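Inside the fold
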Amino acid sequence: LLLYPGLYAMNDIGDVGSDRRHPLKGRRPLAAGTISTKSAVVFSILFVTAGLSSAALLFPRRIVYVYISLLVLNLFYTFVAKNIVYLELVFNSLTHPARFLIGVFLVGATVSLAPLFGIFLFAFGIVIVRRMVEKDVEGWEARPTLAFYSDRELLLLELILFLGVVWLFFSDRSGPAVLYWGLV
């Protein structure tokens, strides 16, 4: 509850230029100038710090490590990967297994890599669908990477990811099958 507002504010700071060029996103408070960049930076730092601090006080160390990995993943996505074709899809998807892992750790359980990979594949598929929808909305040109993706390419990638989840469904016996039912 504390970490992600700071991370999303950071992302908005990184997007302010492209948001200003977008007909809808240009109305967001930071892009519209309703909130100053300086205020957004202060907000982001305060909430990220509060999130990391509260995690360190309340949760086991392994959860704090996942929080730190979420911070690093989001920073890398916002300021580097977001502008690199395909890499932006991967890094946009990587936070989902990490958030699932926090839930696993909160209940004191463990999980193998296969279910985490399945969640990554599922999230990757959702990110692709989102890119397909974004390409159909006015102002998509504000996100330069979208121009590099063809609908056919995205559909093929979506099929490959789906087949990966199906393969995990049939081959992984380390976790509950209900997870894979949900992902499929």
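This report concerns the structure included in the present document. Predicted model, so just to flag it, every value in this text is computed and none were measured.

**What about helix α4 (residues 61-79)?**
- Taking 1.5 Å per residue, 19 residues should reach 27 Å; α4 reaches 27 Å between its end C-alpha atoms and fits that length.
- By the burial criterion, the buried members of α4 are Ile-63, Val-64, Val-66, Tyr-67, Leu-70, Leu-71, Leu-73, Asn-74, Tyr-77 and Thr-78.
- Residues of α4 that are buried in the fold lie against α1 (3-21), α3 (37-58), α5 (87-106) and α6 (113-135).

**Overview of the packing of aromatic side chains**
- With the rule as written, the count across this model stands at nine aromatic pairs.
- Aromatic side chains Phe-169 and Trp-181 sit 4.9 Å apart centroid to centroid with 80° between the ring planes, which places their arrangement in the edge-to-face category. Here Phe-169 is found in helix α7 (residues 151-171), whereas its partner Trp-181 is found in helix α8 (residues 177-183), with twelve residues between them in sequence.
- Overall, the relative accessible area of 59% leaves Trp-181 in the exposed class.
- Three or more aromatic residues joined by ring pairs form one cluster here, namely Phe-117, Phe-120 and Phe-124.

**Quick look at the side chain of Lys-82**
- Checked against the element boundaries, Lys-82 lands in the loop between α4 and α5.
- Residue Lys-82 is classed as buried on the basis of its relative accessible area, which comes to 7%.
- The contacts of Lys-82, once residues within four sequence positions are left out, are Asn-11, Asp-15, Tyr-77, Glu-88, Arg-143 and Thr-145.

About the cut-offs
Residue indices begin from 1 for each chain and proceed along its sequence in written order. In keeping with the model being predicted, local features are shown solely for residues with a pLDDT of at least 70 and side-chain atom pairs are shown and tallied solely at 80 or more, while totals for entire chains, interfaces and linings include all residues. Computation of side-chain values covers all heavy atoms of the structure but excludes hydrogens and water. Secondary structure elements follow DSSP: runs of H or I no shorter than four residues count as helices, runs of E no shorter than two count as strands, and numbering proceeds from the N terminus. One less than the residue count of a helix, multiplied by 1.5 Å, gives the span that helix is expected to have. In this scheme, a residue with accessible area under 20% of its type's maximum is buried, one over 50% is exposed, and one in between is partly exposed, where area comes from a 1.4 Å probe on protein chains only. Residue contacts are defined here by distance: any two heavy atoms, one from each residue, within 4.5 Å place the two residues in contact. The pairing test for Phe, Tyr and Trp rings, Trp by its six-membered ring, is centres within 6.5 Å, and the orientation test on the planes gives stacked under 30 degrees, edge-to-face over 60, and tilted for anything in between.

Nothing here speaks to function; it is geometry throughout.
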